[in-house]
Every structure is written in C-alpha cells, then in structure tokens.
Amino acid sequence: MWSSRTDRDETETCIACGDSVRRSDAREYDKYGDRWEREGKEFEYLCKPCYRELCHQPRDELEDLLVDVDAGERGRAEFLQWYSATVEERYGTLEEQ
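Residues numbered from 1 in each chain as written. Predicted model: local features only at pLDDT ≥ 70, side-chain atom pairs only at ≥ 80, totals over all residues. Heavy atoms only, no water.

Trainee: Could you give an account of the overall build of the protein, naming the residues involved and the relevant values?
Mentor: What the protein contains, in helices and strands, is four helices and four strands. Secondary structure elements of the protein, listed N to C terminal, follow the sequence α-β-β-β-β-α-α-α. Residues counted as buried form 18% of the 97 residues belonging to the protein. Summed over all atoms, the accessible surface of the protein reaches about 8300 Å², with 46% contributed by carbon and sulfur. (Helix = DSSP H or I, 4+ residues; strand = E, 2+ residues; numbered from the N terminus. Buried < 20%, exposed > 50% of the residue type's maximum accessible area, 1.4 Å probe, protein only. Areas by Shrake-Rupley, 256 points an atom, 1.4 Å probe, with all protein chains shown as cover.)

Below you can see the structure in the form of structure tokens.
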C-alpha cells in the first residue's frame, strides 16, 4: 500500500543522533531485526548517515542479552564486563569458536 502524501511530509527523530529528518528521507529501524513483519509494530527511524554506519549483520538474541545485562543501567566499564562475561558464559570464548 502506498503511503499518503501527508506521511511523506512528516518528520521523525533519528534514534542515533537525534536529528529531525523527513520520514521519506529516514530509514526504518526494527529492533527485532524483522522489518518485513509489520503487524502490530511501531518503527523507530534513523537518518541516512546513521543507517549507513549500522552493522547489518544478524543480531539474533541480542535484545534479550542486552536486557539481561541491564544495558543502559550501568557505567560503560561495568556494562562491558557484564556483557563479556555473559557472552562467554552463553556462547563460549572466541578461541572455542
């Protein structure tokens, strides 16, 4: 279905840098990694430069992992320590891979 003309004039805020961009110039971001499944979702948006900088590799289980290690609730050093330990516990060390 085509979007209406008013949708093209709406602006969105880039979740990475905070810039305001026209929706037609923004890129949809789905934190679950499946933007094709649209039912019941509200998308966030990125400006084109921030979208280009994203890693476009699969991120299965990443959101759950970030919730488990309280991302955003700890300082950087503590978060990285918890994240590394949790990844190693769940998936093993890089040397084991």
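Trainee: Residue-level account of unusual backbone geometry, with values.
Mentor: Look at aspartate 70: it is not a glycine, yet its phi comes out positive at around 55°. Summarising the element assignment, aspartate 70 is placed in the loop between α3 (62–68) and α4 (76–91).

Trainee: Can you tell me about the environment of alanine 71, naming the residues and giving the values?
Mentor: Within the secondary structure, alanine 71 is located in the loop between α3 and α4. Put simply, alanine 71 and tryptophan 82 are eleven residues apart on the chain and 9.4 Å apart in space, counted from C-alpha to C-alpha. Not counting residues within four places of it along the chain, the set of residues in contact with alanine 71 comprises Leu66 and Phe79. (Contact = heavy atoms within 4.5 Å.)

Trainee: Residues and numbers for the nonpolar core, please.
Mentor: One finds Cys14, Val21, Ala26, Tyr29, Phe43, Tyr45, Leu46, Cys47 and Cys50 forming the largest nonpolar core, which totals nine residues. Of all the secondary-structure elements, those providing two or more residues to this core are β3 (26–29) and β4 (44–47). Considering each element in turn, this core owes the most residues, three residues, to β4. (Core = buried A, V, L, I, M, F, W, Y, C linked by side-chain atoms within 4.5 Å.)

Trainee: I'd love a proper account of the pattern of salt bridges, names of residues and values included.
Mentor: Pairing between side chains of opposite charge can happen when the charged atoms of each approach one another. This model, assessed by the stated rule, comprises six salt bridges. A salt bridge links arginine 90 to aspartate 68, with the nearest nitrogen and oxygen atoms 2.4 Å apart. With arginine 90 in helix α4 and aspartate 68 in helix α3, this pair connects stretches of sequence that are 22 residues apart. With a shortest N-O distance of 3.1 Å, aspartate 70 and arginine 74 are connected by a salt bridge. A single network of salt bridges, built from pairs that share partners, joins Glu10, Glu12 and Arg23. (Salt bridge = Lys/Arg side-chain N within 4 Å of Asp/Glu carboxyl O.)

Trainee: Which residues make up the packing of aromatic side chains, and what are the values?
Mentor: One pass over the structure, following the stated rule, counts one aromatic pair. Centroid distance phenylalanine 79 to tyrosine 83: 5.7 Å. Interplanar angle 35°. Geometry classified as tilted. Of this pair, phenylalanine 79 and tyrosine 83 both sit in helix α4, four residues apart, which is roughly one turn of the helix. Here the guanidinium or amino end of arginine 74 rests over the ring plane of tryptophan 82, the centre of that ring lying 3.9 Å away. (Phe/Tyr/Trp six-rings, centres within 6.5 Å; stacked < 30°, edge-to-face > 60°. Lys NZ or Arg CZ within 6 Å of the ring centre and 35° of its normal.)

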